[in-house]
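This is what each chain is made of:
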Amino acid sequence: MKKIFITGASSGIGAALVKAYAAHYRQETVTFGLLGRNAQALQQLAKLINSDFNANAKVYTVDVREAKAMQAAADDFMTAIGTPNIVIASAGVSRGTLTEHPEDIAAFQAVMDINVMGMVHTFSPFINTMAKQKQAQLVGIASVAGVRGLPGAGAYSASKAAAIKYLESLRVEMKPLNIDVTTVAPGYIRTPMTDINQYKMPFLMEADVFAQKFIKAIERKRRFVIIPWQMAWLSRLMRLVPPFLWDWIMRNAPHKQRTEWDWL
Ligand SMILES: NC(=O)c1ccc[n+]([C@@H]2O[C@H](COP(=O)([O-])OP(=O)(O)OC[C@H]3O[C@@H](n4cnc5c(N)ncnc54)[C@H](OP(=O)(O)O)[C@@H]3O)[C@@H](O)[C@H]2O)c1
């Protein structure tokens, strides 16, 4: 039986991954741990994969910032279902931030806590138990925004750069425990996170197409993958650009919206 625990399952990339994995494993039994804060969306997804693909799910309405609640969710999943083969940290938030606006400090904090500490809280409770089983993989969703700093998105870029480095450390640390670690850095994927962007998004990809490519990358145990491939090439170029040229290229770059958050 396949067991997959995934955060950010209530929307966008996470929900697309759940549907794609349910279809992918339709010949086997697959049980998901679906975690997010939107209980209704998670229940609806659990129902849908059960009726369409005969897949089962346990729903966890938890904020990834709550380390104790994350531990409790992981313990419950491992007791009720067993040790997951794959744990995917997809929960994340994106919001435009500008350091000169003091009211954005709370947003900086939330983005860092959710996108970085949320990932640590997701993996930590599973590691000791996963180390004892044959197939074990941790997958963190980073972003191309973590390759270079994007103006207007300082919090998001910093959080994704931190996620990339954290996952790089983790990958080597997990080797002796026989746990594979994959960093997935999406370019622009059509989800509620990008639906609000009013600028042109190069190589924008549908979430279900992304999910198919994601599954292949995970099965190949890729260490670091950027999807789509066009963004992978662009990222290679982005890394090579010297700071003065980067500043010039980015001088008129569109900024992510600084919207109000009611859940900080
Ligand atoms: N879409 C893109 O183009 C793109 C590109 C690069 C990277 N990414 C990354 O991909 C991941 C998924 O993004 P998406 O595009 O699917 O966005 P989305 O549709 O907005 O989904 C975000 C998910 O994260 C969950 N989440 C947010 N804050 C949370 C919290 N405090 N606790 C628990 N769950 C939380 C949300 O669940 P609830 O609302 O239920 O809490 C939701 O399921 C993120 O890490 C994002 O940074 C996306």
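Cut-offs used in this document
- Residues numbered from 1 in each chain as written.
- Predicted model: local features only at pLDDT ≥ 70, side-chain atom pairs only at ≥ 80, totals over all residues.
- Helix = DSSP H or I, 4+ residues; strand = E, 2+ residues; numbered from the N terminus.
- Rg over C-alpha atoms; globule rule 2.2 N^0.38 Å.
- Buried ≥ 20, exposed ≤ 12 C-beta atoms within 10 Å, placed from the backbone.
- Contact = placed C-beta atoms within 7 Å.
- Axes fitted to C-alpha atoms, helices over the stretch in contact; angles between N-to-C directions.
- Parallel < 35°, antiparallel > 145°, perpendicular 65-115°, else oblique.
- Left-handed = near helix turned anticlockwise from the far one by under 90°.
- Nonpolar A, V, L, I, M, F, W, Y, C, P; charged D, E, K, R; others polar.
- Core = buried A, V, L, I, M, F, W, Y, C linked by C-beta atoms within 7 Å.
- Near = placed C-beta within 6 Å.
- Expected span 1.5 Å × (residues − 1).

Peer 1: Help me understand the overall build of the chain, please; the structure alone is not making it clear to me.
Peer 2: On a plain count of helices and strands, the chain comes out with 9 helices and 9 strands. Its C-alpha atoms give the chain a radius of gyration of 18 Å, within 12% of the compact-globule value 18 Å for 264 residues. Considering only C-alpha atoms, the chain reaches an extent of 55 × 35 × 35 Å along its principal axes. Residue burial in the chain is summarised as follows: out of 264 residues, 39% are buried. Looking at the chain alone, contacts between residues at least 24 apart form 72% of all its contacts between residues at least 6 apart.

Peer 1: When you look at the packing of helix α3 (residues 67-80) against helix α4 (residues 105-130) in this model, what are you seeing that I'm missing?
Peer 2: Describing two packed helices takes the angle between their axes plus the distance from one axis to the other. Where α3 contacts α4, the axes come no closer than 8 Å and their chain directions differ by 40°. For the element pair α3 / α4, the angle class is oblique. Of the two possible hands of crossing, α3 and α4 adopt the one that is right-handed. Where α3 approaches α4, its residues A67, M70, Q71, A74, D75 and M78 are matched on the opposing element by H121, T122, P125, F126 and T129. Classifying every residue of the contact of α3 with α4 by side-chain character gives 6 nonpolar, 4 polar and 1 charged.

Peer 1: What exactly am I supposed to notice about the nonpolar core here?
Peer 2: Counting residues in each nonpolar core, the largest one holds 72 residues, and the members touching the most others are I6, L17, V18 and L34. Per element, the largest residue contribution to this core is 8 residues, and it comes from α4. Those residues in contact with L34, other than ones at most four positions away along the chain, are I6, A9, V18, L42, L45, A46, A57, V59 and Y60.

Peer 1: What's the story with the site of the ligand in this structure? I'm lost.
Peer 2: Around the ligand sit 28 residues in total, of which G12, G36, R37, N38 and G92 are the nearest. For the shell around the ligand, the elements supplying multiple residues, two or more each, are α1 (12-24) and α6 (192-195). In the shell around the ligand, the residues fall into 11 nonpolar, 14 polar and 3 charged.

Peer 1: Sorry, what's going on with helix α5 (residues 154-174) here?
Peer 2: The α-helix advances 3.6 residues per turn, and as a result positions three or four apart in sequence lie on the same side. Taking 1.5 Å as the rise per residue, α5 with 21 residues should run 30 Å; its terminal C-alpha atoms sit 30 Å apart, in good agreement. Listed in full, the buried residues belonging to α5 are A155, Y156, S157, A158, S159, K160, A163, L167 and M174. On its buried face, α5 is in contact with α4, β5 (137-141) and β6 (180-186).

Peer 1: Looking at this model, I keep getting lost on the environment of G82. Mind explaining?
Peer 2: Summarising the element assignment, G82 is placed in the loop between α3 and β4 (86-89). Distance in space between the C-alpha atoms of G82 and V209 is 29 Å, their sequence separation being 127 residues.

Note that every value here comes from positions in space, so none of it alone points to a role or purpose.
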